[in-house]
Amino acid sequence: MNDEKKTSIQVSPELRDRLYKLKFRKTYEQFLEELCDLYESNNESKEG
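The structure displayed is predicted, hence computed values, not measured ones.

S.K.: Help me out: how do you make sense of the packing of aromatic side chains in this one?
M.R.: In total, this model carries zero aromatic pairs according to the counting rule given. The side chain of lysine 23 reaches across the aromatic face of tyrosine 28, ending 4.6 Å from its centre.

In structure tokens:
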């Protein structure tokens, strides 16, 4: 088991199902990291 400290977030069942379909063969952790990276890079390009 991973020793990293984790938190939990609550989402609606509908959103959970959407996330599940999008994250194909990734963990939620990997998927959300990529999502954050995409969002941050998109905002940086708009600011610069």
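After presenting the structure, the write-up continues.
S.K.: What exactly am I supposed to notice about the side chain of lysine 23 here?
M.R.: If you trace the backbone, lysine 23 turns up in the loop between helix H1 (13-22) and helix H2 (28-47). Here lysine 23 sits buried without a salt bridge, and the closest side chain of opposite charge, aspartate 17, lies 11 Å off (N-O distance). Leaving out residues up to four positions away in the same chain, lysine 23 has contacts with Tyr28 and Phe31.

S.K.: Looking at this structure, how should I read the environment of aspartate 3?
M.R.: Mapped onto the elements, aspartate 3 comes out in the segment before H1. Here the alpha-carbon distance between aspartate 3 and leucine 19, two residues 16 residues apart in the chain, equals 25 Å.

S.K.: Sorry if this is basic, but what is going on with the pattern of salt bridges here?
M.R.: Opposite charge on two side chains permits them to pair, given that their charged atoms come into close proximity. Taken as a whole and judged by the stated rule, the model has three salt bridges. Where lysine 6 meets glutamate 29, a salt bridge forms, and the shortest distance between an N and an O atom there is 3.5 Å. Within this pair, whereas lysine 6 is found in the segment before H1, its partner glutamate 29 is found in helix H2, the two being separated by 23 residues in sequence. With a relative accessible area of 41%, glutamate 29 lands in the partly exposed category. The salt bridge partner of aspartate 17 is arginine 16, with a shortest N-O separation of 3.3 Å. What makes arginine 16 partly exposed here is its relative accessible area of 42%.

Basis of the calculations
- Residues numbered from 1 in each chain as written.
- Predicted model: local features only at pLDDT ≥ 70, side-chain atom pairs only at ≥ 80, totals over all residues.
- Heavy atoms only, no water.
- Phe/Tyr/Trp six-rings, centres within 6.5 Å; stacked < 30°, edge-to-face > 60°.
- Lys NZ or Arg CZ within 6 Å of the ring centre and 35° of its normal.
- Helix = DSSP H or I, 4+ residues; strand = E, 2+ residues; numbered from the N terminus.
- Buried < 20%, exposed > 50% of the residue type's maximum accessible area, 1.4 Å probe, protein only.
- Lys, Arg positive; Asp, Glu negative; His and termini not counted.
- Salt bridge = Lys/Arg side-chain N within 4 Å of Asp/Glu carboxyl O.
- Contact = heavy atoms within 4.5 Å.

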